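Residue-level listing of the chains:
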Amino acid sequence: MKDAPGTSGLILEEPLLWEKGKKGRCGMSIPESDVPPAALADELVGAEPDFPDLSEIDVVRHYTRLSTWNFGVDTGMYPLGSCTMKYNPKVNEKQAAAPAMATVHPLLPLEHCQGTLKLMYLLQKHLAAITGMDAVSLQPAAGAHGELAGMLIFSAYHTSRGRTKTKILIPDTAHGTNPASAALCGYKPVKVASGRRGILEAQEIRALMDEETAGIMITNPNTLGLFEENIREIADIIHENDGLVYCDGANMNAIMGVVDLKKCGVDVLHLNLHKTFSTPHGGGGPGAGPVCVVESLEKFLPVPRIDFDGSSYVLREEVEGSIGRIHGFFGNFGVLVRAYSYILSMGAANLKKASQYAVLNACYIKERLKGHLHLAYNRPCMHEAVFSDKHQQNQKVTTLDIAKRLMDCGYHPPTIYFPLVVPGAIMIEPTESECLEDLDRFVEVVKAIVAEAGNDPEKLRSSPTRFKIRRLDETRAARNPCLRG
Ligand SMILES: *Cc1c(COP(=O)(O)O)cnc(C)c1O
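Because the structure is a prediction, the values reported are computed rather than measured.

### Structural notes on the overall build of the chain
Here comes step 1: Counting secondary structure elements, the chain contains 15 helices and 15 strands.
Here comes step 2: The globule rule puts the C-alpha radius of gyration for 485 residues at 23 Å, and the 26 Å found for the chain is close to it.
Here comes step 3: For the C-alpha atoms alone, the extent of the chain along its principal axes is close to 75 × 70 × 40 Å.
Here comes step 4: Burial status across the chain gives 47% buried among its 485 residues.
Here comes step 5: Intrachain contacts of the chain at a sequence separation of at least 6 include 70% that bridge at least 24 residues.
Here comes step 6: For the chain, the centre of its 51 positive side-chain charges and the centre of its 57 negative side-chain charges are spaced 5 Å apart.

### Digging into the domain arrangement of the chain
Here comes step 1: In terms of domains, the chain is made up of domain 1 (91-345) and domain 2 (348-467).
Here comes step 2: Relative to domain 2, the C-alpha centre of domain 1 lies at a distance of 30 Å.
Here comes step 3: Listed as interface residues are 27 residues of domain 1 and, on the opposing side, 20 residues of domain 2.
Here comes step 4: Remark: the boundary between domain 1 and domain 2 carries one salt bridge.

### Side note on the side chain of aspartate 248
Here comes step 1: Inspection of the secondary structure assignment puts aspartate 248 in strand S7 (residues 244-249).
Here comes step 2: An unpaired buried charge is present at aspartate 248: no salt bridge exists, and lysine 275, the closest side chain of opposite charge, is 6.7 Å distant.
Here comes step 3: For aspartate 248, the side chain forms a polar contact with the main-chain nitrogen of alanine 250, separated by 3.0 Å.
Here comes step 4: Those residues within four positions of aspartate 248 in sequence are excluded, and the remaining contacts are Glu147, His175, Asn178, Ile218, Thr219, Asn220 and His270.

### Structural notes on the sheet that holds strand S14 (residues 415-416)
Here comes step 1: Reading across the sheet, the four strands line up as S12-S13-S15-S14 and stay open at both edges, with antiparallel pairing between neighbours. Two strands bound the open sheet, and with one partner strand each, they are strand S12 (374-375) and S14.
Here comes step 2: Across four bridges, strand S13 (residues 385-388) lies against strand S15 (residues 425-428) in antiparallel orientation. Bridge pairing links alanine 385 to isoleucine 428 in S15.
Here comes step 3: Sitting on the sheet, helix H11 (residues 333-369) touches S12, S13 and S15, and the angle it makes with S13 is about 25°.

### What to know about unusual backbone geometry
Here comes step 1: Along the chain, asparagine 220 connects to proline 221 via a cis peptide bond; the corresponding omega equals -5°.
Here comes step 2: Checked against the element boundaries, proline 221 lands in the loop between strand S6 (213-219) and helix H9 (231-240).
Here comes step 3: At the junction of serine 463 and proline 464, the peptide bond is cis and its omega measures out at 0° in the coordinates.
Here comes step 4: Along the chain, proline 464 turns up in the loop between helix H14 (457-461) and helix H15 (474-479).
Here comes step 5: Phi is positive for serine 82, close to 75°, though the residue is something other than glycine.
Here comes step 6: Despite not being glycine, aspartate 242 has its phi angle at roughly 70°, a positive value.
Here comes step 7: By secondary structure assignment, the location of aspartate 242 is in the loop between H9 and S7.

### Quick notes on the packing of helix H12 (residues 399-408) against helix H13 (residues 436-455)
Here comes step 1: The interhelical angle for the contact between H12 and H13, taken along N-to-C directions, is 125°, at an axis separation of 10 Å. Between H12 and H13, the interaxial angle falls into the category oblique. H13 is crossed by H12, and the crossing has right-handed handedness. Touching Ile402, Arg405 and Leu406 of H12 are Phe442, Val445, Val446, Ile449 and Glu452, all from H13.
Here comes step 2: Looking at the contact of H12 with H13 residue by residue, the classes come out as six nonpolar, no polar and two charged.

### Some words on the site of the ligand
Here comes step 1: Around the ligand, 13 residues are found, and the nearest of them are Gly143, Ala144, Asp248, His274 and Lys275.
Here comes step 2: Separating a nitrogen atom of the ligand from a side-chain N or O atom of aspartate 248 is a distance of 2.6 Å.
Here comes step 3: Here histidine 274 contributes a side-chain N or O atom positioned 2.6 Å from an oxygen atom of the ligand.
Here comes step 4: Protein contacts shield 86% of the accessible area of the ligand, which totals 380 Å² for the unbound molecule.
Here comes step 5: Top contributing element to the shell around the ligand by residue count: helix H6 (residues 143-160), with three residues.
Here comes step 6: Here the shell around the ligand is built from residues that sort into three nonpolar, seven polar and three charged.

### Things to note about the packing of aromatic side chains
Here comes step 1: Counted under the stated rule, the structure contains eight aromatic pairs.
Here comes step 2: When the ring of phenylalanine 154 is compared with that of tyrosine 246, the centres are 6.3 Å apart and the planes differ by 70°; the resulting orientation is edge-to-face. Pair noted here: phenylalanine 154 is in helix H6 and tyrosine 246 is in strand S7, with a separation of 92 residues, a long-range link.
Here comes step 3: Exposure remark for phenylalanine 154: the relative accessible area of 0% places this residue in the buried category.
Here comes step 4: Residue class for tyrosine 246 comes out buried when judged on its relative accessible area of 0%.
Here comes step 5: A network of ring pairs unites the aromatic residues Tyr121, Phe308 and Tyr313 as a single cluster.
Here comes step 6: Taking the ring centre of tryptophan 69 as reference, the NZ or CZ of lysine 468 above it sits at 4.4 Å.

### Let's talk about the pairing of strand S5 (residues 188-192)
A regular strand places its side chains so that they alternate between the two faces of the sheet.
Here comes step 1: In terms of strand pairing, strand S4 (residues 167-171) meets S5 through five bridges, oriented parallel. By the bridge assignment, lysine 167 is partnered in S5 with lysine 188.
Here comes step 2: Read from S4 through helix H7 (residues 177-184) to S5, the crossover connection turns out right-handed.

### Here we look at H12
Here comes step 1: Most of H12 sits out of view: eight of its 10 residues are buried.
Here comes step 2: Of all the positions in H12, only Thr399, Asp401, Ile402, Ala403, Lys404, Arg405, Leu406 and Asp408 are classed as buried.
Here comes step 3: Once H12 finishes, glycine 410 follows within two positions and takes phi at roughly 95°, a positive value.

Conventions and cut-offs
- Residues numbered from 1 in each chain as written.
- Predicted model: local features only at pLDDT ≥ 70, side-chain atom pairs only at ≥ 80, totals over all residues.
- Heavy atoms only, no water.
- Helix = DSSP H or I, 4+ residues; strand = E, 2+ residues; numbered from the N terminus.
- Rg over C-alpha atoms; globule rule 2.2 N^0.38 Å.
- Buried < 20%, exposed > 50% of the residue type's maximum accessible area, 1.4 Å probe, protein only.
- Contact = heavy atoms within 4.5 Å.
- Lys, Arg positive; Asp, Glu negative; His and termini not counted.
- Charge placed at Lys NZ, Arg CZ, Asp CG, Glu CD.
- Domains from an automatic or database assignment.
- Salt bridge = Lys/Arg side-chain N within 4 Å of Asp/Glu carboxyl O.
- Polar contact = N/O pair within 3.5 Å; in protein donor to acceptor, adjacent residues only side chain to side chain.
- Pairing = 2+ DSSP bridges.
- Axes fitted to C-alpha atoms, helices over the stretch in contact; angles between N-to-C directions.
- Parallel < 35°, antiparallel > 145°, perpendicular 65-115°, else oblique.
- Left-handed = near helix turned anticlockwise from the far one by under 90°.
- Nonpolar A, V, L, I, M, F, W, Y, C, P; charged D, E, K, R; others polar.
- Near = heavy atom within 4 Å.
- Areas by Shrake-Rupley, 256 points an atom, 1.4 Å probe, with all protein chains shown as cover.
- Phe/Tyr/Trp six-rings, centres within 6.5 Å; stacked < 30°, edge-to-face > 60°.
- Lys NZ or Arg CZ within 6 Å of the ring centre and 35° of its normal.
- Right-handed = clockwise from strand over helix to strand, strands pointing away.

Structure representation (structure tokens):
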């Protein structure tokens, strides 16, 4: 056990609870038992868990100190491109934590959870209205899970028409989950190169689309933060060749209430409620990735389906054509409550405004930083701007150095080295949460770091310095994790 309480100032050291515990300490006192003790059953003897003995303050301090090692949206700007780490209004947390929402049991008889079902039913309707799609299932528990449901729907659709398709078109800017989800359904992902302008060009799709191809997965706006302007023309080519169009809608934060995806020719879409609709995320959970479809594909949606029969809300477990269940119960219900509360508390006009501000903020960052960092595509962006370390190469300063130095300056680093089509990518998504003053402060910090790269590159290469842990060997950290803090 390390003996110093802090490494420097208030950067707090903290041992494991097992190292902190001392035999006989107790978190609470309960009255002496007034019944004789009974021996444990034989098979349980020796099976007691190895828990340390701790007082209440030991435990409270332990977790509170650990929480100071975290950086979250509530701490400061978190411009992690593609992840939409925006501020989520606390009123939505409050609704999700309300006892009627937080303690509802998934096995309650339907007559006792009508309110819960109504909330989910109405959330489906709202998400349909926001996206322009016809029908929604809240079943998928994450973005990638929504993609998987979408690919199963593609497959069920083609099978229902007596066709077997083997391939799927996926742009080179796609999130890695896209080809993975397609491959899980047995499709071979075929890479489509994006054009000079960072978006898909129709002739490329025309050249690749054939009878064997089930359709395309498009992300719009794409992961370069650019709107796929040719999506309608591309969708027509796909449809003419008996294919379907999937849209990865994880970047919906840029287009809520602005773009009607059905009019763009999209057949299946997923949303990330834990990006756009008020659930804070990171560290792997919890999430919800509703899948939205056009009317002709509704029957393929997963079960259970929530319906209103005129007097009450019901669950339909058997739906002819459905891809079936994709997990137990209803996923992360609290995420659905937050999304519902967010949508109602914002209203249609403000949801649209949120997207417009998200785009405005990203365009502002793009314009203010483009003379300092290399801008990958010098054209209007949507909710994120992608730069690179190209101008810093002579100084032997890399994207990783810039990201680490930003941490010393109090910012969570942006997404780096993604999308793969931009070498040394630095992908900044400010979101609508940041005000002008905070955007300006961030811009000044990045400009100062760029100036340091010229004057004192070693400073960047040896950053971060103001942390408990400095640079990790990232390969070893992934292959050989040490979980001892
Ligand atoms: C986040 C993201 C996903 C995956 O979502 P998960 O909920 O992490 O599975 C897919 N596509 C894009 C573009 C994303 O940004």
